[in-house]
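# Close look at the chain arrangement
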Amino acid sequence: MASRVGLLLAPSSSLARNPPRARLPYPLPSHHLGRPTYRRFASSAPLRSPLWWPRQAPPLFSARAMSGSAGSPPYAAELAAAKKAVALAARLCQTVQQEILQSDIQSKADKSPVTVADYVHVGSQVLVSLALNMEVTSGSFSMVAEEDSEDLRKDSAEEILEHITDLVNETLAEDGSYNITLSKEGILSAIDTGKSEGGPSGRHWVLDPIDGTKGFLRGGQYAIALALLDEGKVVLGVLGCPNLPLASISNLNGSSCGDQMGALFSATVGCGAEVESLEGSPPQKISVCTIDNPVNASFFESYEGAHTMHDLTGSIAEKLGVQAPPVRIDSQAKYGALARGDGAIYLRFPHKGYKEKIWDHAAGAIVVTEAGGVVTDASGNDLDFSKGRFLDVDTGIIATNKQLMPSLLKSVQEAIKEKSQAPSPL
Ligand SMILES: Nc1ncnc2c1ncn2[C@@H]1O[C@H](COP(=O)(O)O)[C@@H](O)[C@H]1OP(=O)(O)O
Ligand SMILES: [Mg+2]
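An unreviewed UniProt entry lists the protein chain under the name 3'(2'),5'-bisphosphate nucleotidase, with Triticum aestivum as the source organism. In its Cofactor (unreviewed entry) section, UniProt records this for the protein chain: "Mg(2+)". Listed in UniProt under the heading Sequence similarities (unreviewed entry), the comment for the protein chain reads: "Belongs to the inositol monophosphatase superfamily."

### A short note on the sheet that holds strand β13 (residues 327–328)
Here we have 5 strands laid out as an open sheet, ordered β13-β12-β14-β16-β15, and mixed in their pairing. Unpaired on one side and paired on the other, β13 and β15 (373–377) mark the two borders of the sheet. Bridging between strand β12 (residues 299–301) and β13 involves 2 bridges; their strand directions are parallel. From the neighbouring strand, E301 faces β13, where its bridge partner is R328. Contacts between helix α11 (residues 405–421) and the sheet are confined to β14 (345–348), β15 and β16 (397–401), with β16 contributing the most and set at about 150° to the helix.

### A short note on the UniProt feature "binding site: Mg(2+)" (unreviewed entry) in the protein chain
Look at the UniProt record and you will see "binding site: Mg(2+)" (unreviewed entry) annotated at E146, D208, I210, D211 and D360. For the annotated residues, spread through 215 residues, the largest C-alpha to C-alpha distance comes to 9.9 Å, consistent with a single compact locus. You can see D211 is positioned in strand β6 (residues 203–211). If we skip the residues at most four places from it in the chain, D211 touches Y222, A223, A225, S331, Q332 and D360. For D360, the location among the structural elements is in the loop between β14 and α10 (362–370). For D360, a count of 22 C-beta atoms within 10 Å gives the class buried. When sequence neighbours within four positions are dropped, the list of residues in contact with D360 reads D208 and D211.

### With respect to the packing of helix α8 (residues 310–320) against α11
Where α8 contacts α11, the two axes come as close as 8 Å, and the packing angle between them is 130°. Here α11 runs oblique to α8, going by the angle between their axes. The crossing of α8 and α11 is right-handed. Mapping the contact onto sequence places L312, S315, I316, K319 and L320 in α8 and S407, L408, S411, V412, E414, A415, E418 and K419 in α11. Looking at the contact of α8 with α11, its residues break down into 6 nonpolar, 3 polar and 4 charged.

### Regarding the domain arrangement of the protein chain
As assigned here, the protein chain comprises domain 1 (1–196) and domain 2 (199–420). In this complex, domain 1 contributes 35 residues to the contact, which on the side of domain 2 involves 32 residues. Listing elements by their share of the side of domain 1 that touches domain 2, those giving two or more residues are α3 (76–102), α4 (113–135) and β4 (143–145). Top contributing element to the side of domain 1 that touches domain 2 by residue count: α3, with 14 residues. Each residue belonging to the side of domain 1 that touches domain 2 can be placed in one class, and the counts come to 22 nonpolar, 9 polar and 4 charged.

### Digging into the site of ligand 1
Near ligand 1 there are 14 residues, and of these T213, S302, H307, D330 and P350 occur at the shortest range. By residue class, the composition of the shell around ligand 1 is 4 nonpolar, 5 polar and 5 charged.

### Quick notes on helix α5 (residues 158–175)
Taking 1.5 Å per residue, 18 residues should reach 26 Å; α5 reaches 26 Å between its end C-alpha atoms and fits that length. Those residues of α5 lying buried are I160, I164, T165, L167, V168, N169, T171 and L172. One or two steps after α5, the chain reaches G176, where phi turns positive at roughly 80°.

### Topic: the sheet that holds β4
Strand order in this open sheet of 7 strands is β4-β6-β7-β8-β9-β10-β11, and the pairing throughout is mixed. Two strands close off the open sheet at either side, each with one partner strand: β4 and β11 (284–286). Here the strands of the sheet are splayed against their neighbours by 20° on average, with no regard to which way each runs. As judged from the 7 bridges shared by β6 and strand β7 (residues 223–230), these two strands associate in the antiparallel manner. Pairing of V206 across the sheet is with A227, part of β7. Of the strands in this sheet, β6, β7, β8 (233–245) and β9 (261–268) are in contact with α3, which crosses β8 at around 30°. The strands that α10 touches are β6, β7, β8, β9 and β10 (272–276); relative to β8, the one it contacts most, it runs at about 95°.

### Notes on the environment of A415
Relative to the helices and strands, A415 resides in helix α11. As a C-alpha pair, A415 and L320 span 95 residues in sequence and 9.9 Å in three-dimensional space. Excluding its chain neighbours within four sequence positions, the residues that come into contact with A415 are L312, S315, I316 and K319.

### Re the nonpolar core
Formed by 124 residues in total, the largest nonpolar core has its most connected members in A85, V86, L226 and V367. Here this core gets 16 residues from one element, more than from any other, and that element is α3. Two domains each put at least three residues into this core: domain 1 (1–196) and domain 2 (199–420). Other than its neighbours up to four places away in sequence, L226 contacts A82, A85, V86, V128, W205, L207, V238 and A363.

Rules used in this analysis
- Residues numbered from 1 in each chain as written.
- Chains lettered and ligands numbered in written order.
- Predicted model: local features only at pLDDT ≥ 70, side-chain atom pairs only at ≥ 80, totals over all residues.
- UniProt positions renumbered as here; feature names shortened; annotations may be inferred.
- Pairing = 2+ DSSP bridges.
- Helix = DSSP H or I, 4+ residues; strand = E, 2+ residues; numbered from the N terminus.
- Contact = placed C-beta atoms within 7 Å.
- Axes fitted to C-alpha atoms, helices over the stretch in contact; angles between N-to-C directions.
- Buried ≥ 20, exposed ≤ 12 C-beta atoms within 10 Å, placed from the backbone.
- Parallel < 35°, antiparallel > 145°, perpendicular 65-115°, else oblique.
- Left-handed = near helix turned anticlockwise from the far one by under 90°.
- Nonpolar A, V, L, I, M, F, W, Y, C, P; charged D, E, K, R; others polar.
- Domains from an automatic or database assignment.
- Near = placed C-beta within 6 Å.
- Expected span 1.5 Å × (residues − 1).
- Core = buried A, V, L, I, M, F, W, Y, C linked by C-beta atoms within 7 Å.

Here you go:
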């Protein structure tokens, strides 16, 4: 967050220039001194560190299941909670993206759309944290997430914090699942539930509140990516992709034969992967494609050349014999699309010095592996999510089906070697 918040606080913020939203009719809580910060209309919620969360049955997108109850699959309650949380956050993201696209933010001389992205990052993280705490009521709560509240706590951020608070409360009111209004202090506390460092023991939620910020601002693909780590292993993942068609991307250039927009991918370890609509249509099992000849394969990669080395991925594809041009889309939506067989390969090779974060791959990786695919680094090692907030990967990340992986790895090694031996430009 720190890197973006300087811009967030810039007076040139387009949203800051807009008149503030009308306040919600809810009574906001009086100031709480380090104590519960959520106002609830129902009663008798227990104190749950570090926040006080009301409990009540949510009416939308929630198939509550008790974790570990007889006959229910593992992590059923957590999966239901994660879907609910991601769908709620997606609602907020969609609202803000529409506002961005309808405004002239992108054409402003100061080019400050990043400012707007902060509203949505924070809002999304708050809603996920809130929903998880509402739905999963057992055990302690730990979350590894991108945002923290440090800059929002500054006096100069007062107006922005107010806007985020309104945005979150409006989303909660529209969704109707929880009779709750968050105060500004509640927003700040909820953001800071994402400060965990993760690691090899215990359970930790792993969240990217908006993955693919550039795509989000462009009106392209983005994802709300949420996973659960248990003793260092990813045991479930949910990817909300509001701009990805629910049906397969048929012609591999981003358009689809179906017309329903929005896909929610999910997977639990040992139980396979599924896709459904963001509103909660019946889940459909998905699997990676069965292509075994690279000539028939296509590959996904980042839209942004700053996020992956397009020259290297082009060379890998050529060595492998892939004929189709790259399919460039933003965010972990690539993992979702790969998992349901829209394409055969995903290549990600960030430029030198970039350190991958666990929230950028945890949910996507389990969706692909549970759909029958393989996700490794450039040397064929499994991704290790147990080492804290960062992934320790060799050179890049690749994903495909089991049939193509051996030849893909060979091409990757050859292309990397060739690139390292090439004379560097003067
Ligand atoms: N210089 C960079 N190299 C590689 N990835 C980056 C870089 N800067 C940001 N990212 C991250 O890449 C991811 C998006 O990848 P893609 O372009 O494939 O969609 C996002 O998680 C984004 O971070 P963030 O989530 O903070 O925007
Ligand atoms: Mg990200």
